[in-house]
Amino acid sequence: MKRLFCLLVLSGFLALPFMSEASNNTFDSHFGKGFNYYKKKNFKLAIEEFDRAIKIDPKIAKSYYYTGYAKYKRKDFKGALQDFNQAYSLDLDYAPTKKKGGL
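This one's a predicted model, so the numbers in the text were calculated from it and none came from an experiment.

Asks: Could you clarify how one ought to interpret the overall build of the protein in this entry?
Replies: When helices and strands are tallied, the protein shows five helices and zero strands. Residue burial in the protein is summarised as follows: out of 103 residues, 23% are buried. By sequence separation, contacts in the protein at least 24 residues apart represent 42% of the contacts at least 6 residues apart. Of the accessible surface of the protein, which amounts to about 8100 Å², a share of 59% is contributed by carbon and sulfur atoms.

Asks: Would you explain the nonpolar core in this entry?
Replies: In a soluble, globular protein the nonpolar side chains are often hidden away together inside. Among the nonpolar cores identified, the biggest contains nine residues, and these are Phe 27, Phe 31, Tyr 38, Phe 43, Ala 46, Ile 47, Phe 50, Ala 53 and Ala 70. Put simply, the parts of the chain that give this core at least two residues each are helix 2 (27-39) and helix 3 (43-56). Looking at this core element by element, the count peaks at five residues for helix 3. Discounting chain neighbours no more than four positions away, the residues touching Phe 50 are Phe 31, Gly 34, Phe 35, Tyr 38, Ser 63, Tyr 66 and Thr 67.

Asks: What's the story with the packing of helix 2 against helix 4 (residues 61-73) in this structure? I'm lost.
Replies: In a pair of packed helices, the angle between the axes and the distance between the axes together describe the arrangement. The contact between helix 2 and helix 4 brings their axes to 11 Å, and the two run at 25°. The angle between the axes of helix 2 and helix 4 places the two elements in the roughly parallel class. Taken as a pair, helix 2 and helix 4 cross one another with a handedness that is left-handed. Where helix 2 abuts helix 4, its residues Phe 27, Phe 31, Phe 35 and Tyr 38 lie against Lys 62, Ser 63, Tyr 66, Tyr 69, Ala 70 and Lys 73. Taken together, the residues of the contact of helix 2 with helix 4 break down into seven nonpolar, one polar and two charged.

Asks: Looking at this model, I keep getting lost on the packing of aromatic side chains. Mind explaining?
Replies: A ring pair, where both rings are aromatic, is described by two values, the distance of the centres and the angle of the planes. Per the counting criterion, the structure on display carries 14 aromatic pairs. Plain terms: the ring middles of Phe 31 and Tyr 66 are 5.8 Å apart, the flat faces sit at 70° to each other, and that makes the pair edge-to-face. Of the two residues, Phe 31 is situated in helix 2 and Tyr 66 in helix 4; the sequence distance between them amounts to 35 residues. The exposure class assigned to Phe 31 is buried, which follows from its relative accessible area of 10%. Judged by relative accessible area, which is 23%, Tyr 66 ranks as partly exposed.

Asks: Can you walk me through a nonpolar patch on the surface in this structure?
Replies: Together, Tyr 69, Tyr 72 and Phe 77 line one region of the surface with nonpolar side chains, adding up to about 310 Å² of accessible area. By secondary structure assignment, the location of Tyr 72 is in helix 4.

Asks: When you look at the pattern of salt bridges in this model, what are you seeing that I'm missing?
Replies: Where charged atoms from two side chains of opposite charge come close, those side chains can pair. A complete count under the given rule lists three salt bridges for this structure. Among the salt bridges present, the one from Glu 49 reaches Arg 52, with a minimum N-O distance of 2.8 Å. Of this pair, Glu 49 and Arg 52 both sit in helix 3, three residues apart, roughly one helical turn. By relative accessible area, Arg 52 is classed as partly exposed at 38%.

Rules behind the numbers
Residues numbered from 1 in each chain as written. Predicted model: local features only at pLDDT ≥ 70, side-chain atom pairs only at ≥ 80, totals over all residues. Heavy atoms only, no water. Helix = DSSP H or I, 4+ residues; strand = E, 2+ residues; numbered from the N terminus. Buried < 20%, exposed > 50% of the residue type's maximum accessible area, 1.4 Å probe, protein only. Contact = heavy atoms within 4.5 Å. Areas by Shrake-Rupley, 256 points an atom, 1.4 Å probe, with all protein chains shown as cover. Core = buried A, V, L, I, M, F, W, Y, C linked by side-chain atoms within 4.5 Å. Axes fitted to C-alpha atoms, helices over the stretch in contact; angles between N-to-C directions. Parallel < 35°, antiparallel > 145°, perpendicular 65-115°, else oblique. Left-handed = near helix turned anticlockwise from the far one by under 90°. Nonpolar A, V, L, I, M, F, W, Y, C, P; charged D, E, K, R; others polar. Phe/Tyr/Trp six-rings, centres within 6.5 Å; stacked < 30°, edge-to-face > 60°. Patch = residues over 30% accessible without salt bridge, like charges linked within 9 Å, V, L, I, M, F, W, Y side chains within 5 Å. Salt bridge = Lys/Arg side-chain N within 4 Å of Asp/Glu carboxyl O.

Following this line, the structure appears as structure tokens:
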């Protein structure tokens, strides 16, 4: 019995690195990392993390929206426009807004 218990405990410890890696490969994990990079103005790494989040769940508009802003900050205006349009197509809350008094 003691031997079985030790074997179970040991197998649990061996599985920990794999469990933590799997939990880090989620939409929220990648989006959170991307958002942190974005706040630190590291737009290249932000885009990479947002892209990873998009691969996990391509139907969440906010990842395209923030990718668009990060691309905009890097002066990739064409790429930014594509991402903004994709965010808008997924969720109308991401519609372009007009400023008061005209365009």
